[in-house]
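These are the residues of each chain, in order.
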Amino acid sequence: METTIKLGPIVADLVRKDIKNVHLSVYPPAGRVRISAPLRMKVETVRTFAVSKLGWIKAQQREILAQERETPREYLESESHYVWGKRYLLRIVEHNGPSRIELKGRQLVLRIRPATPADRRQQILDGWYRAQLRDGALPLIAKWEKILGVKVERLFLQRMKTKWGSCSRTFPSIRLNTELAKKPRECVEYIVVHEMIHLLEPNHGKGFVDRMEKAMPLWRQYRRRLNQLPVRHEDWLY
């Protein structure tokens, strides 16, 4: 069941779920607020909690609205694309063999069959980015499993609009946004560590912060850098 509640000038979506605690999220592109609350929690209790977080909500909305967004990609010759935080110019090479991608100097070379349409070019690049992220993330997970003393049973890669990552504690796994293959490697490592620590600490309380501080003292710097980088253009449905 979904309804809305007013938090002063802000209207938030309220979703009832079979959960124990209230979860508060702010989503791009316009800073939509969503509150997930336990089924039997009174609306006024939810409102009181959300009002206490108004400062955080407004800060998140300002950050989202200020974040630069990429222009729509057309997958044409000399178009800019990013790999691990570095800018490359797309070079289209037509040939009659299988599609493949390689980095040469500051060029991202896409070898495709003649007359390959833009949507297929995008699919090929998306698949390549996914493979790049998997190859980059798996060694990081192995490294941090030893440091944190936690086991990740599965890694999932998915294009996500609202999150860089998520995790499941029930069957220890983490999920990463495939857009991370375009970001600096230290930012990717920050997200991996963030989600792995969530397997130990379910929320962002003192326990989580203490573990992040110990494991990665510069984590706030990496988070800030990641949130300042341009994000992919999306055609939003709401």
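Bear in mind that the values here come from a model prediction, so they are computed numbers and not experimental data.

**Student:** When you look at the overall build of the protein chain in this model, what are you seeing that I'm missing?
**Tutor:** Helices and strands together make up the secondary structure of the protein chain, namely 6 helices and 11 strands. With respect to the three principal axes, the spread of C-alpha positions in the protein chain is 65 × 40 × 30 Å. Counting the 238 residues in the protein chain, one finds 42% classified as buried. The long-range fraction of contacts in the protein chain, counting pairs at least 24 apart against all pairs at least 6 apart in sequence, stands at 46%. Carbon and sulfur atoms provide 50% of the accessible area of the protein chain, an area that totals close to 13700 Å². Between the mean site of the 46 positive side-chain charges and the mean site of the 26 negative ones, the protein chain shows a separation of 3 Å.

**Student:** Help me understand the pattern of salt bridges, please; the structure alone is not making it clear to me.
**Tutor:** Opposite charge on two side chains permits pairing when their charged atoms draw close. If you walk through the whole model with that rule in mind, you get 10 salt bridges. We note a salt bridge from Asp13 to Arg32, for which the minimum N-O separation is 3.1 Å. Of this pair, Asp13 sits in strand 2 (residues 10-17) while Arg32 sits in strand 4 (residues 32-38); the two residues are 19 residues apart in sequence, bridging distant segments of the chain. On the basis of relative accessibility, which here comes to 27%, the residue Arg32 falls in the partly exposed class. Where Glu186 meets Arg225, a salt bridge forms, and the shortest distance between an N and an O atom there is 2.3 Å. With Glu186 in helix 4 (residues 185-198) and Arg225 in helix 6 (residues 219-228), this residue pair connects regions lying 39 residues apart in the sequence. Classification of Glu186 by relative accessible area gives partly exposed; the value is 29%.

**Student:** Honestly, the environment of Gln60 in this entry has me stumped. Any pointers?
**Tutor:** The residue Gln60 is located in helix 2 (residues 54-66) in this model. For the pair Gln60 and Ser25, spaced 35 residues apart in sequence, the C-alpha to C-alpha distance is 9.1 Å.

**Student:** So what exactly am I meant to see when it comes to the sheet that holds strand 6 (residues 86-94) here?
**Tutor:** What the 4 strands build is an open sheet, ordered 5-6-8-7; its pairing is mixed. Of all strands in the sheet, those bounded by a partner on one side alone are strand 5 (80-83) and strand 7 (100-104). Across the sheet, the mean angle separating the axes of adjacent strands is 35 degrees when strand polarity is ignored. As judged from the 5 bridges shared by strand 7 and strand 8 (residues 107-112), these two strands associate in the antiparallel manner. When the sheet's bridge partners are listed, Arg100 is paired in strand 8 with Arg111. Against the sheet, helix 3 (residues 118-148) makes contact with strand 5, strand 6, strand 7 and strand 8, and its axis sits at roughly 125 degrees relative to strand 8, the strand it touches most.

**Student:** Please clarify how the pairing of strand 9 (residues 154-158) should be interpreted in this entry.
**Tutor:** When a strand is regular, its side chains alternate between the sheet's two faces. Here strand 9 shows a clear split, with Leu155 and Leu157 buried on one side and none of Arg154, Phe156 and Gln158 buried on the other. Looking at chain direction, strand 9 and strand 11 (residues 173-177) are connected through 5 bridges and run parallel. Across the sheet, Phe156 pairs through a bridge with Arg175, a residue of strand 11.

**Student:** Can you walk me through helix 4 in this structure?
**Tutor:** Because an α-helix packs 3.6 residues into every turn, residues spaced three or four apart end up facing the same way. Here helix 4 contains 14 residues, and its C-alpha end-to-end distance of 20 Å stays within 8% of the 20 Å for a straight helix at 1.5 Å per residue. By the criterion of burial, helix 4 is predominantly enclosed, with 12 of the 14 residues buried. Where helix 4 is concerned, the buried positions are Cys187, Val188, Glu189, Tyr190, Ile191, Val192, Val193, His194, Glu195, Met196, Ile197 and His198. Considering only its buried residues, helix 4 is in contact with helix 3, strand 10 (165-168), strand 11, helix 5 (206-215) and helix 6.

**Student:** What am I meant to see in the nonpolar core here?
**Tutor:** Nonpolar side chains tend toward joint burial in soluble globular proteins. Of all hydrophobic cores here, the largest spans 44 residues; its most connected members are Leu108, Leu133, Ile174, Leu176, Leu180 and Met196. Counting only elements with at least two residues in this core, the list comes to strand 6, strand 8, helix 3, strand 9, strand 11, helix 4, helix 5 and helix 6. When residues in this core are grouped by element, the largest group, 10 residues, is from helix 3. If sequence neighbours within four positions are ignored, Ile174 has contacts with Ile141, Val152, Arg154, Leu155, Phe156, Ser166, Cys167, Val192, Glu195, Met196 and Leu199. Counting 16 residues, the second largest nonpolar core, distinct from the first, contains Leu14, Val26, Val46 and Ile57.

**Student:** I'm lost on unusual backbone geometry in this one. Help?
**Tutor:** Keep in mind that most residues, glycine aside, have a negative phi and that most peptide bonds are trans. For Ser78, which is not glycine, the phi dihedral falls at a positive 70 degrees. Classification of Ser78 as partly exposed rests on a relative accessible area of 47%. The residue Ala115 is not glycine, and still its phi comes out positive at about 65 degrees. For Ala115, the location among the structural elements is in the loop between strand 8 and helix 3. Among the residues examined, Ala115 registers a relative accessible area of 71% and is labelled exposed.

The rules behind the values
- Residues numbered from 1 in each chain as written.
- Predicted model: local features only at pLDDT ≥ 70, side-chain atom pairs only at ≥ 80, totals over all residues.
- Heavy atoms only, no water.
- Helix = DSSP H or I, 4+ residues; strand = E, 2+ residues; numbered from the N terminus.
- Buried < 20%, exposed > 50% of the residue type's maximum accessible area, 1.4 Å probe, protein only.
- Contact = heavy atoms within 4.5 Å.
- Areas by Shrake-Rupley, 256 points an atom, 1.4 Å probe, with all protein chains shown as cover.
- Lys, Arg positive; Asp, Glu negative; His and termini not counted.
- Charge placed at Lys NZ, Arg CZ, Asp CG, Glu CD.
- Salt bridge = Lys/Arg side-chain N within 4 Å of Asp/Glu carboxyl O.
- Pairing = 2+ DSSP bridges.
- Axes fitted to C-alpha atoms, helices over the stretch in contact; angles between N-to-C directions.
- Expected span 1.5 Å × (residues − 1).
- Core = buried A, V, L, I, M, F, W, Y, C linked by side-chain atoms within 4.5 Å.

Geometry only, nothing functional implied.
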